[in-house]
Amino acid sequence: MKNFIFALIMLLSVPVYSEGKDVFADRQKKFITELFQSGDYFNTIAETRRLQLYDNDPELEYFIYTCYYLAGQYRTVTEQYTNALPGNRDIPMMLLASQSFIRLGDYSSGYNVLGIPAYDGLQQNAAFSLLLRRVEPLILAGNYELIDNELLDASQAIGNYPDYINLKQDLETFRDNQGLNPWAGAVMSAVIPGLGQLWSGRIIDALLSLASVALPAAGGIYLKNRGHNGTAYTLFFFSGVFYAGNIYGGYNSALIENREKINDNHELMTKKYGEYDPSVYIKFGRQFN
């Protein structure tokens, strides 16, 4: 009899527990939505982890790492979330990992994590968005050979898409505007101190380089002519050191100028075609309402 009563109580309690669980999940989803929309990403992560005890929807994991990304915790994404990538062709997941690598300045990993391009079954706007995110790390790395391959791979799916045509033209412009040869800058500064820096558009650096080499050399000549050989040779030594540094400065100035041009190209692309936004892949209507 006692066993029967206990079993009856347990049976009657199941709907109550289930109803309580559903009520909690609904309230938790609304709370998470409010936290996310307010930009409180760390508390959003904590509350979503609580929700996972009641809802094992795998897309919640993507939502959690989106919050890490939006909170600037890119290394957390690359070190933890990318473990789920091998063999997984989930586009939002791959893009999140790729963009995290890009934010860390690892453009090679940002490209490689995307794997082989696959545009089958995608609408043209979605295929273009994927292409855009695939060429982004290549633009930042200045790798136009791979960019050509990407354009070719996407041409069959979106070759007639207006944004594809415009992007292809923009990339040709970027290619023509890649920048300066650093070795040319070094040679110029070797011939005339500061010339490489001037060629790179860094006028103040050019003047400082010229002065750092010329002034000690002129002072050394002046003192040597007056018999102060020890001090003169010291100035000549420093002039030589500054001369070597000036050559490296000519090389480095061209590199800096090139990096600025690459960043300008990247900025133009994102302004024109849109920046990456991981939240567009979050299905709030299904997951959180």
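Residues numbered from 1 in each chain as written. Predicted model: local features only at pLDDT ≥ 70, side-chain atom pairs only at ≥ 80, totals over all residues. Heavy atoms only, no water.

(A) Summary view of helix 13 (residues 229–273). Relative to the 66 Å expected for 45 residues at 1.5 Å per residue, helix 13 spans 65 Å between its end C-alpha atoms, a close match to the ideal helical length. In the segment just after helix 13, Gly274 is the residue with positive phi, at about 105°. (Helix = DSSP H or I, 4+ residues; strand = E, 2+ residues; numbered from the N terminus. Expected span 1.5 Å × (residues − 1).)

(B) Region of the structure containing the nonpolar core. Ranked by size, the top nonpolar core spans 47 residues in total, and within it Leu96, Phe128, Leu131, Ile158, Tyr164, Leu167 and Met269 carry the most contacts. Listing elements by their share of this core, those giving two or more residues are helix 1 (2–37), helix 2 (41–52), helix 3 (59–70), helix 5 (91–103), helix 7 (124–141), helix 8 (144–158), helix 9 (162–176) and helix 13. Setting aside its immediate chain neighbours within four residues, Leu96 contacts Tyr62, Tyr65, Thr66, Tyr69, Val77, Tyr81, Tyr276 and Pro278. (Core = buried A, V, L, I, M, F, W, Y, C linked by side-chain atoms within 4.5 Å. Buried < 20%, exposed > 50% of the residue type's maximum accessible area, 1.4 Å probe, protein only. Contact = heavy atoms within 4.5 Å.)

(C) Structural context of a nonpolar patch on the surface. A cluster of nonpolar residues, Val187, Val191, Ile192, Leu195, Leu198, Ile203 and Leu207, forms a patch on the protein surface that exposes about 650 Å² of accessible area. Secondary-structure elements contributing two or more residues to the nonpolar patch are helix 10 (182–191), helix 11 (195–199) and helix 12 (203–225). The topology assignment puts Leu207 in helix 12. (Patch = residues over 30% accessible without salt bridge, like charges linked within 9 Å, V, L, I, M, F, W, Y side chains within 5 Å. Areas by Shrake-Rupley, 256 points an atom, 1.4 Å probe, with all protein chains shown as cover. Salt bridge = Lys/Arg side-chain N within 4 Å of Asp/Glu carboxyl O.)

(D) Broad picture of the packing of aromatic side chains. Scanning the model with the defined rule gives 10 aromatic pairs in all. Look at Tyr65 and Tyr68: their rings are 5.3 Å apart centre to centre, the planes differ by 40°, and that puts the pair in the tilted class. With Tyr65 and Tyr68 both in helix 3, this residue pair falls 3 residues apart, about one helical turn. Considered together, Tyr65 and Tyr68 belong to a single accessibility category, that of buried residues. Here the aromatic rings of Phe237 and Phe238 are separated by 5.5 Å at their centres, their planes lie at 75°, and the arrangement is edge-to-face. A network of ring pairs unites the aromatic residues Phe36, Tyr41 and Phe63 as a single cluster. (Phe/Tyr/Trp six-rings, centres within 6.5 Å; stacked < 30°, edge-to-face > 60°.)

(E) Representation of helix 10 in the model. Pro182, Gly185, Ala186 and Ser189 are the residues of helix 10 that are buried. The buried residues of helix 10 all sit within an arc of 100° when viewed along its axis, so they share a single face. Relative to its buried face, helix 10 has exposed residues pointing more than 90 degrees away, namely Trp183, Val187 and Val191. (Arc of directions from axis to C-beta.)

(F) Representation of the pattern of salt bridges within the structure. Tallied over the full model, the rule gives 10 salt bridges. A salt bridge links Asp170 to Lys272; the shortest N-O distance between them is 3.0 Å. One end of the pair, Asp170, is in helix 9; the other, Lys272, is in helix 13, and 102 residues separate them in sequence. Given the relative accessible area of 19%, Asp170 is considered buried.

(G) Layout of the confidence of the model for the chain. Summary statistics for the chain give a mean pLDDT of 82 and a share of 88% for residues scoring 70 or more. At the low end of the mean pLDDT range in the chain sits helix 14 (residues 284–287), at 52; at the high end sits helix 6 (residues 107–112), at 94. Low pLDDT, under 50, characterises residues 2–19; the stretch is placed with 0 contacts to residues that sit more than four places away or in other chains. (pLDDT = per-residue confidence, 0-100.)

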